[in-house]
Every structure is written in structure tokens, then in C-alpha cells.
Amino acid sequence: EYMGETKLFCLRMELNQGRVYVDVVKKGESGQTLVQFYSRYNHSTESEWSDHIQSGHVFVDKVVVANPFHQIGVRNVLEYHRPPWLEPVAPLSIDILHFDEHFVVINKPSGLPVLPSENYYRFTVLSVLEQMFPENPPTPVHRLGVGTSGILVCAKSDIARRNLSLQFQNKTIHKVYRALVVGVPEKLTFSIDVPIGLMPYPYPLNQLYVAVPPQEQSQQPQGLPSLSHCQLIDISDDRSVSLVEVVIPTGRPHQIRIHLAYAGHPLLGDPLYGIGGIPKFQTVSTEFGDRDALPRDCGYTLHAMRITFQHPVSNETLIVEAPVPD
């Protein structure tokens, strides 16, 4: 009944209901102070975490503890009661591409995060699915970047969740992306295999995934092997922009954005990655003020266009396509 249906939820720019974050103290964390423990979550500074604790937003075993230097012990249950906050605006339309009793496949719009984070809670795919399917909401079994549009597979049944997760883990699922890039690649088909690793980056990330060429492996932490296969599909009349199809046997964070930028053809409008697959250190303007560009910032065109996989119950081969945005 949901096939081909588009759901549009018009949530206003207003405070969400806040969120409770729960942690259980592990053996290696025993003896830390509350402010030491929470400072690992770098969306707030140590000073800000101290203020949160002193404001009575942190509970230890269901009791408010307002002392930032309170020492925690093994199996203490910590709760951070985050007050309501304004989330960045996000598009909330979702197209249903496939629907059955075990899973759904949706077409995610660019700008809509998949899961809650330090910035998003109500404006997520997960939240929209909970509204569409209140009795048994599907849950995503993989991720797409905030700025990436296209196919997202979400499981409804336990058997689908296990089976689909295993297919992704075993890399038996075949995904095809399309991207608009700057310039024209020299070859019709080409592959990029530069490793991807972490480099220091300004707060709040502290680290960012980037291309790590072999000659830089000694100066930076070892990059993870990464491979992208690319095919030139179309070229603009003025040869300033190309449409490229990409298949990624490996699935590193931001791999397509990094690899195409490394190859000299960054995604058109990408505020973060420039030529070489490294950050441009560009400032972006948001409704909350100016800041350094982050991976979640949009502006580029990257679309998960096609996916081929086995049905988790019938084992039938399924091919699902998401129309490329205009």
C-alpha cells in the first residue's frame, strides 16, 4: 500500500523535546570524574560540560549529581538530560521505492540525516519512519551522508535486519552512485585506490577523514585501503562539470567525495573537500552563525542511484533504482 508513495512531514523550526543520553561506566573508565568522562563527546567543550553538570542535567544511578569532579565507578548508569534545542532545518519528504513485510527501501533527500546526532533528533530518517510506521518502524541497516540523496534500505523484521546487515558486512550488495564533479576526467573509466585516513581538524571534529597518499604514510597515521571505480557519463556544454558514475567496493567514510577530489575532480559545490582529497578549510554560513565546514554540510550532488541485493527471506535478486534528482 506504500509503494510509490511520498510522505512529507512539515515540522516547523522549533525546539525539539530534548533527549536523554545513557552510558554505563566500563571498567577502564572507573575513577574518572564526570567532566572527564563527558569531555569525550566533543560537541561540547570541557567548560560547557562542567556547566551542564552544575546545571543539574547529569544523573548518576537516577540521582542528580551537580559536581563536575564527582568520581564514577564501574556499572554506574550515567544519564545526560539534554534540554530542548533548535535543530538545523532539513527536508522531510521520503519516497517509498520498495515495501514488504520485512523491509522498505526509501529515496532519501539530500539534507536529511539518517540517524540522530548532536545536532539532529526530530529531523532524521529514523524519526520520519517512526511517524510513517508507528507500530513497527523500520530501522536503517546502513548509512548515507547528510548531503547524499538516494537509496536507503531499512529493515522491519529481525530476520531482515540480520540478513541485510550480513550482506552489507560481506560486501555482496552492489551499489551505484552518480555525482556531479568539477572539470572533465581524462579517461572514460578510471579507478582510484588512495588510502583514506584521519588528520587533525578544528573543533568540534578534532579529526577528519582525508586521502593519505603512499608518500605521506610516514607523516600521518596509516590510511585504510580504499577503492572506487568511476565511469564518465556526461559532460556539460562548457566542459566545466561532468556526471560520473561510481561504484565503491570499499565503503570508507566520505569515500566518493575524498577520492574524486583526490583525482582532481571534487564534487561540485562540496564545501569541505578540495583537490587532493583534503579539506579546503572553508567557512560556511548557517542559521546558527559562521563556522568551519563539516562533513554534514550540503551543497554537492551525490546520489545513491541503484542497489542490487538478495531478498532476506526469499533470496530473490532485487534491483531497486532511485530517480536521479533534477
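About the criteria used
- Residues numbered from 1 in each chain as written.
- Predicted model: local features only at pLDDT ≥ 70, side-chain atom pairs only at ≥ 80, totals over all residues.
- Heavy atoms only, no water.
- Salt bridge = Lys/Arg side-chain N within 4 Å of Asp/Glu carboxyl O.
- Buried < 20%, exposed > 50% of the residue type's maximum accessible area, 1.4 Å probe, protein only.
- Pairing = 2+ DSSP bridges.
- Helix = DSSP H or I, 4+ residues; strand = E, 2+ residues; numbered from the N terminus.
- 1 Å grid on protein atoms, 1.4 Å probe; cavity = no way out; pocket = protein on both sides within 12 Å on 5 of 7 lines; lining within 4 Å.
- Points joined across faces, edges and corners; volume = space filled by probe spheres on them.
- Nonpolar A, V, L, I, M, F, W, Y, C, P; charged D, E, K, R; others polar.

Trainee: Could you give an account of the pattern of salt bridges, with specific residues and numbers?
Mentor: Evaluation of the coordinates by the stated rule reveals seven salt bridges. Where Asp297 meets Arg291, a salt bridge forms, and the shortest distance between an N and an O atom there is 2.7 Å. Assessed through its relative accessible area of 9%, Asp297 is described here as buried. By relative accessible area, Arg291 is classed as partly exposed at 23%.

Trainee: Summarise the sheet that holds strand β4 (residues 63-64); cite the residues concerned and give the values.
Mentor: Judged by pairing direction, the sheet is antiparallel, and its four strands sit side by side in the order β2-β5-β3-β4 without closing on themselves. One side of each edge strand has no neighbouring strand; the edge strands of this open sheet are β2 (19-24) and β4. The sheet contact formed by strand β3 (residues 58-60) and β4 spans two bridges and is antiparallel. Bridging from a neighbouring strand, Val60 pairs with Val63 of β4.

Trainee: Account for the layout of surface pockets, with residues named and values stated.
Mentor: Roughly 710 Å³ of internal volume is contained in the second largest pocket. What lines the second largest pocket is a set of 29 residues, among which Pro88, Asn119, Phe288, Arg291 and Arg296 lie closest to the centre. Of all the secondary structure elements, the ones that give two or more residues to the lining of the second largest pocket are β5 (77-82), β18 (283-286) and β19 (289-292). Residue contributions to the lining of the second largest pocket peak at four residues, all from β19. Residue composition of the lining of the second largest pocket, by class: 13 nonpolar, eight polar and eight charged.

Trainee: So what about unusual backbone geometry? Which residues, and what values?
Mentor: You will see that Lys171, though not glycine, has its phi angle at about 60°, which is positive. Position of Lys171 relative to the elements: it lies in the loop between α4 (158-169) and β10 (174-182). Since its relative accessible area comes to 53%, Lys171 is described here as exposed. One non-glycine residue, Asn206, lies in positive phi territory at about 70°. The class of Asn206 is partly exposed, set by a relative accessible area of 39%.

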